[in-house]
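One-letter residues, chain by chain:
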Amino acid sequence: MPRRIDHLGIAVRSIDQALGFYRDTLGLAVDHVETVAEQKVKAAMLPVGESRLELMEPTDPTGAVGKFLETRGEGLQHVAIGVDDIEAALARAREHGARLIDETPRVGAGGALVAFIHPKSSFGVLIELVQRGKGVESEHGTLYSS
Ligand code: ZN
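Chemist: Help me understand the environment of threonine 35 in this model?
Modeler: Within the secondary structure, threonine 35 is located in strand 2 (residues 32-36). Each C-alpha atom, one on threonine 35 and one on proline 58, is 9.5 Å from the other, the two residues being 23 residues apart in sequence. In contact with threonine 35, other than residues within four places in its own chain, are Val41, Lys42 and Thr59.

Structure, rendered in structure tokens:
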């Protein structure tokens, strides 16, 4: 069962420069910054209520975000939907003929299980399914406890 918008992934060339808007102009706080080696990005997490914005700066131009920047420029790169059971959500997507980028979940930012669905199946928006550990109610402390 989809629970909420877990986060919105925004591709930027420079997190430092983007914080000039998202932190300083909008007034959002930066929870933390982490490097997700597997996705070849550095990501800054900015909570907004129980969701958050993830500013993603490529660490390698050959990664998905690096390629996205090259072809599409800066902007919204993916929408992440929080689910309770990512295996079930993936099975449902497969049953309905969606084109999966990840046939099985992998470990993403914060140790969550994630899987991507191809934008060709989702009307142009890259969709990320995210399953976090138990106790997901508040975004701090328990969020990354899995
Ligand atoms: Zn994401």
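Chemist: Just checking my understanding: could you explain unusual backbone geometry for this structure?
Modeler: Comment: phi is negative for the bulk of residues other than glycine, and the bulk of peptide bonds are trans. Notably, lysine 40 is not glycine yet its phi reads approximately 55 degrees, a positive angle. Examined against the element boundaries, lysine 40 turns out to sit in the loop between strand 2 and strand 3 (41-48).

Chemist: Is there a simple way to think about the environment of threonine 59 in this case?
Modeler: Residue position: threonine 59 is located in the loop between strand 4 (51-58) and helix 2 (64-72). Between the C-alpha atoms of threonine 59 and arginine 13, which are 46 residues apart in sequence, the distance is 9.9 Å. Excluding its chain neighbours within four sequence positions, the residues that come into contact with threonine 59 are Thr35, Lys40, Val41 and Lys42.

Chemist: Mind showing me how you'd approach helix 1 (residues 15-25) here?
Modeler: Every α-helical turn comprises 3.6 residues, leaving residues that sit three or four positions apart pointing alike. Listed as buried for helix 1 are Ile15, Ala18, Leu19 and Tyr22. One side of helix 1 carries all its buried residues, which in axial view fall inside an arc of 110 degrees. Looking at helix 1, the residues exposed on the side facing more than 90 degrees away from the buried face are Asp16, Gln17, Asp24 and Thr25. The secondary structure elements touched by the buried residues of helix 1 are strand 1 (2-11), strand 3 and strand 4. Capping the start of helix 1 is the job of one residue whose side-chain oxygen sits 3.4 Å from the backbone nitrogen of aspartate 16: serine 14. Phi turns positive, to about 90 degrees, at glycine 27, one or two residues after helix 1.

Chemist: It is not clear to me how the packing of aromatic side chains should be interpreted in this structure. Could you clarify?
Modeler: Both the distance between ring centres and the angle between the ring planes are used here to describe each pair of aromatic rings. Counted by the stated rule, this structure contains one aromatic pair. Relative to tyrosine 22, the ring of phenylalanine 21 lies with its centre 5.0 Å away and its plane at 90 degrees, an arrangement referred to as edge-to-face. For tyrosine 22, a relative accessible area of 18% puts it in the buried group.

Chemist: Any chance you could explain the pattern of salt bridges here in plain terms?
Modeler: Where charged atoms from two side chains of opposite charge come close, those side chains can pair. Per the counting criterion, the structure on display carries seven salt bridges. A salt bridge links arginine 52 to glutamate 54; its shortest N-O distance comes to 2.7 Å. Arginine 52 gets classed as buried once you look at its relative accessible area, which sits at 5%. Judged by its relative accessible area of 5%, glutamate 54 is buried. A salt bridge links aspartate 102 to arginine 106, with the shortest nitrogen-to-oxygen separation between them at 2.7 Å. Overlapping salt bridges, with partners in common, bring together Arg4, Asp6 and Arg132 in one network.

Chemist: Would you mind going over the pairing of strand 8 (residues 126-131) with me for this structure?
Modeler: Across a regular strand the side chains alternate sides, sitting on one face of the sheet and then on the other. The buried count for strand 8 comes to five of six residues, which makes it a mostly enclosed element. Where strand 5 (residues 75-83) meets strand 8, five bridges bridge the pair, whose relative direction is parallel. Bridged to valine 79 within strand 8 is isoleucine 127. In this sheet, strand 8 lies alongside strand 7 (residues 113-117) in antiparallel orientation, the contact comprising five bridges. Considered in strand 8, the bridge of phenylalanine 116 is made with glutamate 128.

Parameters and conventions
Residues numbered from 1 in each chain as written. Predicted model: local features only at pLDDT ≥ 70, side-chain atom pairs only at ≥ 80, totals over all residues. Heavy atoms only, no water. Helix = DSSP H or I, 4+ residues; strand = E, 2+ residues; numbered from the N terminus. Contact = heavy atoms within 4.5 Å. Buried < 20%, exposed > 50% of the residue type's maximum accessible area, 1.4 Å probe, protein only. Arc of directions from axis to C-beta. Polar contact = N/O pair within 3.5 Å; in protein donor to acceptor, adjacent residues only side chain to side chain. Phe/Tyr/Trp six-rings, centres within 6.5 Å; stacked < 30°, edge-to-face > 60°. Salt bridge = Lys/Arg side-chain N within 4 Å of Asp/Glu carboxyl O. Pairing = 2+ DSSP bridges.

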